[in-house]
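# Topology and contacts: notes
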Amino acid sequence: MSKERFYITTPIYYPSDHLHIGHAYTTVAADAIARWHKFAGRDVLFVTGSDEHGQKIQRAAKKEGVSAQAYVDRIVSTFKVLWDKMNIEYDDFIRTTEPRHEKAVQTVFQTIYDRGDIYKSAYRGWYCTPCETFWTENRLVDGNCPDCGRPVELLEEESYFFRLNKYAPRLLEHIEKHPDFIRPEARRKEMVNFIQSGLEDLCVSRTSFDWGVPVPFAENHVVYVWFDALTNYLTALGYPDDQKMQDRWWPADLHLVGKEIMRFHTIIWPIILMALDLPLPKTVFGHGWLLFESGKMSKSKGNVVDPLVLIDKYGVDPLRYFLLREISFGQDGNFSERALIERTNADLANDLGNLLNRTLSMLNQYFKGVVPQPGEGTEKDQAFIDFARGLGPAVDKRMRNLELNEALIAIWQLVGKANKYIDDRAPWDLAKAEDKGELKTVMYNLIEGLRLTALLVKSFLPATGGKIWAQLNLKEDLDAQTLAAAEWGRLLPGTKTRKGDPIFPRIETKAEKRPLSKQRKEKKKPVKKREGVLLNIEEFSKIELAVAEILQAETVQGADRLLKLQIDLGSEKRQIVAGIAQYYTPLELIGRRIVVVKNLKPVKLRGELSQGMLLAASAPDGNLELVTVSSAIPAGSKVK
Ligand code: ME8
């Protein structure tokens, strides 16, 4: 029998700005789901990417004075850095500027046009550029975008239109017949209401700018960015050329998206697919928003949190755990550093970390770290085993139903029960008995419980699963293990464990852990003017200035103001440490070309070697900006 298959996607994010933990939230959830299904023995395809066209990107590039392509190239490279750091195991990354995607979009557009569902007309109406959305006058709220509340622009241009309206009855029928198509339930109701209030045909081409996929049959028209972006889900399957790939993976099992883009995924995208005569995705799930203090995270509110900073500070798995456990999947949830620290200390350091630590300590003490042969157990032993036995299938059920936080709660029940089992069975008392039979059973059960925990938790916290596995010193390759391995009793007596350091040290909650947004906003005090000194040209020419590309950026432990940068100077790579953490987050820096002084004596700052100094302009009000050059100037170029 062929394996069950599972095709899952995230939205392809805009590189108009840097990713923040809102984006990380969707991607971590998709990664945990994808990893789980693989673990459960299914064939999985997990696709993410970047949505690089449209007016918003073109304007952002213009503002920075670079070409749109150079702009997206730099920011998209930071997407990949972030996903690697977060242990996101995607199978493909679709960039909408790739030729394979342009071909897919043009084929979709041409096919629908040839079938008569795209026609030429003129658009006169409103447009929200931040949301890349067309609005009719009657949907505006106080004259602004009903989604984001920002001002809209009046557009008047020749456009091609897509017959959405024609398909509305068919779509409603599909939604009714397939209760899993739009989830959660509240979103389904919203979408049904939206469709019932009347669908206008959709404008699907633009002529007032050119950063997009050209409409194949009409000069000066580029495809509307959402029509372009949604097609990425087919691009990943080699559309239109690779029929085998499409037969194998289409329809998608799950498009995971934030709730604000449900309309695009449950109205426009299904209608594109109907017009192409393709089946509709099985489920579109719109999760809730991650709210930061009092509102949605957004650049203009200055409350954007760079996930790289959080990872440097707390580690990847505490962040992954927090995102997946704290928020009821589908609902909105709050992000705060305090809550992240509390969760880490309570669930990871106290419950799981201590369980591993004290179990292995006892095993060392009583059996020199070697797993004993269990004997007949008491009722209490059996109750613990029974719970652990049913856990794998229970978590699988939760994951199939997209109850991610519930799945983690179930796994932590095992952790809680194991801790309680230690207290109830008191191995230190059993160790005093002449017959060590009961002690052997209890210790075996505890280690077996930990083995199961490592297996069940690895889809959510890959590094943690690996650390537990390593301390249990199990020989099988953890990556190759499937749900079948989580069957009770597979642990071999005689296994020699290898206790290591605590896997989650407690995070100290000092005043130093102020919210990151506050740290960023406090600007440096204005610098006092120094008397000028005149240099002659020989003196100035002693300073070697060069262009360097920032390859990596990280925070420095215990130093709020410093960032550690790995830079490429063309002929060599170096590390420099700079006091710019209040002005830039790591993700904002990666890929930028800066100017550095090459021939400064290396120094150590907070224990970190700094081999050079970067140039930055410091305004009288204390603001600071790096001196940068465009990607047209290669790393290593001399600055004079
Ligand atoms: O919409 N809370 O891209 P985008 C939770 N390019 N999730 C959040 C979030 C928050 N505060 N902020 C962002 C686009 N997200 C289009 C998608 S798909 C064919 C095209 C997540 O960069 C969430 O998944 O604006 C949301 O839907 C997505 O990022 C929006 O990313």
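Residues numbered from 1 in each chain as written. Predicted model: local features only at pLDDT ≥ 70, side-chain atom pairs only at ≥ 80, totals over all residues. Heavy atoms only, no water.

## Looking at the pattern of salt bridges
Applied cut-off: Here, a salt bridge means any side-chain nitrogen of Lys or Arg that lies within 4 Å of a carboxyl oxygen of Asp or Glu. Each helix is a run of H or I in the DSSP string that is no shorter than four residues. Each strand is a run of E no shorter than two, and both are numbered from the N terminus. In this scheme, a residue with accessible area under 20% of its type's maximum is buried, one over 50% is exposed, and one in between is partly exposed, where area comes from a 1.4 Å probe on protein chains only.
Following the criterion strictly, the structure yields 43 salt bridges and no others. The closest approach of N and O atoms between Asp43 and Arg248, which form a salt bridge, is 2.9 Å. Linking Asp43 in strand β2 (residues 43-50) with Arg248 in helix α9 (residues 243-249), this pair joins segments that are 205 residues apart in sequence. Accessibility expressed as a relative area gives 43% for Arg248, which makes it partly exposed. We note a salt bridge from Glu438 to Arg425, for which the minimum N-O separation is 2.7 Å. Of this pair, Glu438 sits in helix α17 (residues 437-457) while Arg425 sits in helix α15 (residues 404-425), placing them 13 residues apart in sequence. Judged by its relative accessible area of 10%, Arg425 falls in the buried class.

## Quick word on the domain arrangement of the chain
Test applied: Note that domain bounds follow an automatic or database assignment of domains.
Each domain of the chain was delimited in the assignment, giving domain 1 (337-486) and domain 2 (537-639). Here the C-alpha centroids of domain 1 and domain 2 sit 46 Å apart.

## Observations concerning the site of the ligand
Put simply, the rule reads: Nearness of a residue to a molecule or strand requires only that one of the residue's heavy atoms be within 4 Å of it. In protein, a polar contact requires one atom able to donate a hydrogen and another able to accept it; more generally it is a pair of N or O atoms within 3.5 Å, and residues adjacent in sequence count only if both atoms are side-chain atoms. Working definition of accessibility: Shrake-Rupley area with a 1.4 Å probe, residue cover restricted to the visible protein chains.
Near the ligand you find 23 residues, and of these Ile12, Thr26, Asp51, Glu260 and Leu290 are the closest. A distance of 2.9 Å separates an oxygen atom of the ligand from a polar atom in the backbone of Tyr14. His23 places a side-chain nitrogen or oxygen 3.4 Å from an oxygen atom of the ligand. Protein chains shield 94% of the accessible area of the ligand, which is 670 Å² for the free molecule. If you list the elements that add at least two residues to the shell around the ligand, you get β1 (5-13), α1 (21-39), α7 (225-230) and α8 (232-235).

## A short note on the nonpolar core
Nonpolar side chains in soluble globular proteins generally cluster together in the buried interior. As a reminder of what qualifies: As used here, the term nonpolar core means buried Ala, Val, Leu, Ile, Met, Phe, Trp, Tyr and Cys residues forming a set that is joined through side-chain atoms within 4.5 Å. Residues are treated as being in contact if the distance between any of their heavy atoms lies within 4.5 Å.
The biggest cluster of nonpolar side chains holds 136 residues, and the ones touching the most others in it are Trp83, Trp412 and Phe460. Taken together, domain 1 (337-486) and domain 2 (537-639) each give at least three residues to this core, which thus spans both. Leaving out residues up to four positions away in the same chain, Trp412 has contacts with Tyr321, Asp347, Leu348, Asp351, Leu352, Val457 and Leu461. Ranked by size, the runner-up nonpolar core spans 64 residues in total, among them Leu171, Phe181, Val192 and Ile272.

## Considering the sheet that holds β1
Threshold: By this definition, two strands are paired if DSSP reports at least two bridges between them.
Ordered in space as β3-β2-β1-β11-β12-β7, the 6 strands form an open sheet in which the pairing is parallel. In this open sheet, the two strands that pair with only one neighbour each are β3 (92-95) and β7 (182-183). Pairing of β1 with strand β11 (residues 254-258), which is carried by 2 bridges, proceeds in the parallel orientation. Within β11, the residue paired with Ile8 across the bridge is Leu254.

## Focus: unusual backbone geometry
Look at the link from Tyr239 to Pro240: it is a cis peptide, with omega at 0°. Mapped onto the fold, Pro240 is located in the loop between α8 and α9. For the peptide bond that leads from Trp250 to Pro251, omega is 5°, which places it in the cis range. Of note, Pro251 is situated in the loop between α9 and β11. Even without being a glycine, Asn87 presents a positive backbone phi close to 60°. Its location among the elements puts Asn87 in the loop between α3 (68-85) and β3. The phi angle at Lys368 is positive, at roughly 50°, despite the residue not being glycine. Its location among the elements puts Lys368 in the loop between α13 (337-367) and α14 (379-400). Classification of Lys368 as exposed rests on a relative accessible area of 68%.

## Things to note about the side chain of Asp117
If you trace the backbone, Asp117 turns up in the loop between α4 (99-114) and β4 (118-128). By relative accessible area, which is 3% here, Asp117 ends up buried. Of note is the side chain of Asp117, whose polar atom sits 2.7 Å from the side chain of Lys166. Residue contacts for Asp117: discarding those within four places in its chain leaves Ile112, Phe161, Phe162, Arg163, Lys166, Tyr167 and Ala275.

## Quick notes on the sheet that holds strand β8 (residues 202-203)
Taken in spatial order, the 4 strands make up an open sheet running β5-β4-β6-β8, and their pairing is antiparallel. With one partner strand each, in any of the chains shown, β5 (133-135) and β8 form the two edges of the open sheet. In this sheet, β8 lies alongside strand β6 (residues 153-162) in antiparallel orientation, the contact comprising 2 bridges. If you follow Phe162 over to β8, its bridge partner there is Leu202.

## Quick word on the state of the cysteines
This is how the line gets drawn: Cysteine sulfur atoms are paired as a disulfide whenever they fall within 2.5 Å.
For the structure on display, the rule yields 0 disulfides. In this structure Cys128 is a free cysteine whose sulfur lies 3.7 Å from that of Cys145, the closest cysteine sulfur available. The class of Cys128 is buried, set by a relative accessible area of 0%. The class for Cys145 is buried, based on a relative accessible area of 2%.

## Description of α3
Quick note on the threshold: The length a helix should cover is 1.5 Å for every residue beyond the first.
Look at α3: 26 Å from first C-alpha to last across 18 residues, which is about the 26 Å you get at 1.5 Å a residue. Residues of α3 that are buried include every one of Ala68, Tyr71, Val72, Arg74, Ile75, Val76, Thr78, Phe79, Val81, Leu82 and Trp83, and no others.

## Looking at the environment of Pro393
In this fold, Pro393 is placed in helix α14. Pro393 sits in the exposed class, given a relative accessible area of 55%. Sequence-wise, Pro393 and Leu483 are 90 residues apart; in three dimensions their C-alpha atoms are separated by 8.4 Å.

## Some details on the packing of α13 against α17
For clarity, the cut-off: Here an axis means a line fitted to C-alpha atoms, over the contact stretch when the element is a helix, while the angle between two N-to-C directions is reported on a 0 to 180 degree scale. Left-handed describes a crossing whose near helix is turned anticlockwise from the far helix through less than a right angle; right-handed describes the clockwise counterpart. Gly falls in the polar group here, along with every residue not listed as nonpolar (Ala, Val, Leu, Ile, Met, Phe, Trp, Tyr, Cys, Pro) or charged (Asp, Glu, Lys, Arg).
Packing of α13 against α17 leaves a shortest axis separation of 11 Å and a crossing angle of 145°. Crossing handedness for the pair α13 and α17: left-handed. Across the interface between the two elements, Leu352, Leu355, Leu356, Thr359, Leu360, Met362, Leu363, Tyr366 and Phe367 from α13 touch Leu439, Lys440, Met443, Leu446, Ile447, Leu450 and Thr453 from α17. Taken together, the residues of the contact of α13 with α17 sort by class into 13 nonpolar, 2 polar and 1 charged.

## Quick look at the pairing of β2
Consecutive side chains of a regular strand alternate in pointing toward one face of the sheet and then the other. Quick reminder of the rule: Handedness is read with the strands pointing away from the viewer; a crossover is right-handed when the path from the first strand over the helix to the second is clockwise.
Counting buried positions along β2 yields 7 of 8 residues, so the element is predominantly enclosed. Two elements, β1 and β2, share 7 bridges in a ladder whose sense is parallel. In the strand pairing of β2, Tyr13 is matched with Ser50. Handedness of the crossover is the feature at issue here: the chain leaves β1, passes through α1, returns alongside β2, and the resulting connection is right-handed.

## Focus on the packing of aromatic side chains
Selection rule: Stacked, tilted and edge-to-face are the three classes assigned to paired rings of Phe, Tyr and Trp, where Trp is represented by its six-membered ring and a pair needs centres within 6.5 Å; plane angles under 30 degrees give stacked, over 60 edge-to-face, the rest tilted.
Per the counting criterion, the structure on display carries 26 aromatic pairs. Consider the rings of Tyr25 and Phe329, whose centres lie 6.2 Å apart with planes at 65°: the pair is edge-to-face. Of the two residues, Tyr25 is situated in helix α1 and Phe329 in the loop between α12 (316-326) and β15 (333-335); the sequence distance between them amounts to 304 residues. For Tyr25, a relative accessible area of 1% translates into the label buried. Among the residues examined, Phe329 registers a relative accessible area of 11% and is labelled buried. Ring centres 6.3 Å apart and planes at 45° place the aromatic pair Trp36 and Phe460 in the tilted group. Of this pair, Trp36 sits in helix α1 while Phe460 sits in the loop between α17 and α18 (462-472), and the two are 424 residues apart along the sequence. Given the relative accessible area of 0%, Phe460 is considered buried. Site record: aromatic cluster; members linked through ring pairs are Phe109, Tyr113, Tyr160, Phe162, Phe217 and Phe227.

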